[in-house]
Amino acid sequence: AKKSGKNQSAFFSKALQNTILMKNKIHDILRNSLNNNGFKLLYQPQVDVSTGEIVGFEALIRLKDHQISPAEFIAVAEEHGLIKRMGRFVIRQTILELSKWKVVGLDLKPIAINFSVKQINDKGIIEYIESLLSEHRIPAKYLEIEITESILLENDSEAIMFLNRLKEIGVKIALDDFGTGYSSLSYLSNLPVDKMKLDKKFIDQHLNESGKKIIKQLILLAEAFELDVVVEGVETIEQVRLLQELKCKYIQGYYFSKPIEDEQIREIHSKKYDI
Ligand code: C2E
Ligand code: CA
Ligand code: CA
Ligand code: CA
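Definitions and limits used
- Residues numbered from 1 in each chain as written.
- Chains lettered and ligands numbered in written order.
- Predicted model: local features only at pLDDT ≥ 70, side-chain atom pairs only at ≥ 80, totals over all residues.
- Heavy atoms only, no water.
- Donors = N, O, S within 2.8 Å, 3.2 Å for Na, K, Ca; no water.
- Helix = DSSP H or I, 4+ residues; strand = E, 2+ residues; numbered from the N terminus.
- Buried < 20%, exposed > 50% of the residue type's maximum accessible area, 1.4 Å probe, protein only.
- Salt bridge = Lys/Arg side-chain N within 4 Å of Asp/Glu carboxyl O.
- Polar contact = N/O pair within 3.5 Å; in protein donor to acceptor, adjacent residues only side chain to side chain.

- The protein chain carries the name EAL domain-containing protein in an unreviewed UniProt entry, which gives Anaerobacillus isosaccharinicus as its organism.

**Brief notes about the coordination of the calcium ion (ligand 2)**
Move 1: The calcium ion (ligand 2) binds to the protein through Glu 58 (OE), Asn 114 (OD1), Glu 146 (OE) and Asp 176 (OD), with metal-donor distances spanning 2.1 to 2.3 Å.
Move 2: The motif formed by the donor residues of the calcium ion (ligand 2), counted along the single chain, is E-x55-N-x31-E-x29-D.
Move 3: Distance-wise, the calcium ion (ligand 3) is placed 4.0 Å from the calcium ion (ligand 2), both being coordinated by Asp 176. Here the residue Glu 58 occupies a position in strand S2 (residues 54–63), and Asp 176 occupies one in strand S5 (residues 172–178), the gap between them amounting to 118 residues. Per residue, the accessibility class of Glu 58 equals that of Asp 176, and both read buried.

**Remarks on the pattern of salt bridges**
Move 1: Scanning the model with the defined rule gives 17 salt bridges in all.
Move 2: Put simply, Lys 212 and Glu 209 hold a salt bridge, and the shortest N to O gap is 3.7 Å. One end of the pair is Lys 212 and the other is Glu 209, both in helix H8 (residues 209–224) and three residues apart, which spans about a single turn.
Move 3: Of the residues examined, Lys 212 reaches a relative accessible area of 22% and is grouped as partly exposed.
Move 4: For Glu 209, a relative accessible area of 51% corresponds to the exposed category.
Move 5: A cluster of three or more residues bridged by salt bridges with shared partners is formed by Glu 58, Glu 146, Lys 197 and Glu 232.

**Description of the side chain of Gln 239**
Move 1: Its location among the elements puts Gln 239 in helix H9 (residues 237–245).
Move 2: Judged by its relative accessible area of 6%, Gln 239 is buried.
Move 3: In terms of polar contacts, Gln 239 uses its side chain to reach the backbone carbonyl oxygen of Ile 203, at 3.5 Å.

Here is the structure:
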């Protein structure tokens, strides 16, 4: 028993070492990529299920030259204090994309970006957003910021103040991964949100009746708070039909499109999907 205990601790410390090595490697890659234009954004359309029209996009960050998933490298960026610079890149790139649409004569449609809780501490971030919007003459309502419920865990009053300031300048706010975090919903009345994004897990459970009921209730809840609802992670026609039946208005997912490159998004920008 003693022997196997020893082996086990050797195993764990080896695993731990590997994790640390891996994180250090990712940290290096991130630092390098920040200094050498190594990030890009992909965009995924959000579709109105009653018309098939694209109503907006979500921007999702990628490393240009590495196959590391954002879930993985964003955690490292947050841990090592790189998330603020990365977040500014996302903001800037998104506003530049909107600006390109104007130049080539495309209508503006909102682009949503993901916002890490840690970015609240980025001093001057609101001024940064404001100055880029005004430099490119983009109305603030075309920029949407996705936050998760976890933003409330860190610092309630600071977070709410921050969101109110964003709201004041006209930026839209969406609550991401809705239903995966907090069990209490009381915060819905305190937060200046415009939109609620229902997590993929709800649609994955749709096949049974109780899953359907949950989605229906969440849509009603959103309506009660006058929020738009987007269901994420929709992959099949059956799911689309179900959401139509449940009177859900907006859908995002592989069924319509995976996240795609900026050139492609400009091509499909005004497309209407058959529905
Ligand atoms: P998220 O904000 O919940 O983004 C949705 C994720 O689901 C994206 O993964 C998207 O590619 C994926 N997805 C969309 N439709 C489908 C579908 O039909 N089926 C399946 N299986 N997946 C679908 P991605 O791009 O890997 O991003 C993962 C997470 O990383 C995001 O989750 C978000 O939390 C974070 N993230 C991505 N980009 C950024 C960013 O620019 N800044 C920050 N702070 N976080 C980001
Ligand atoms: Ca998101
Ligand atoms: Ca989400
Ligand atoms: Ca997520």
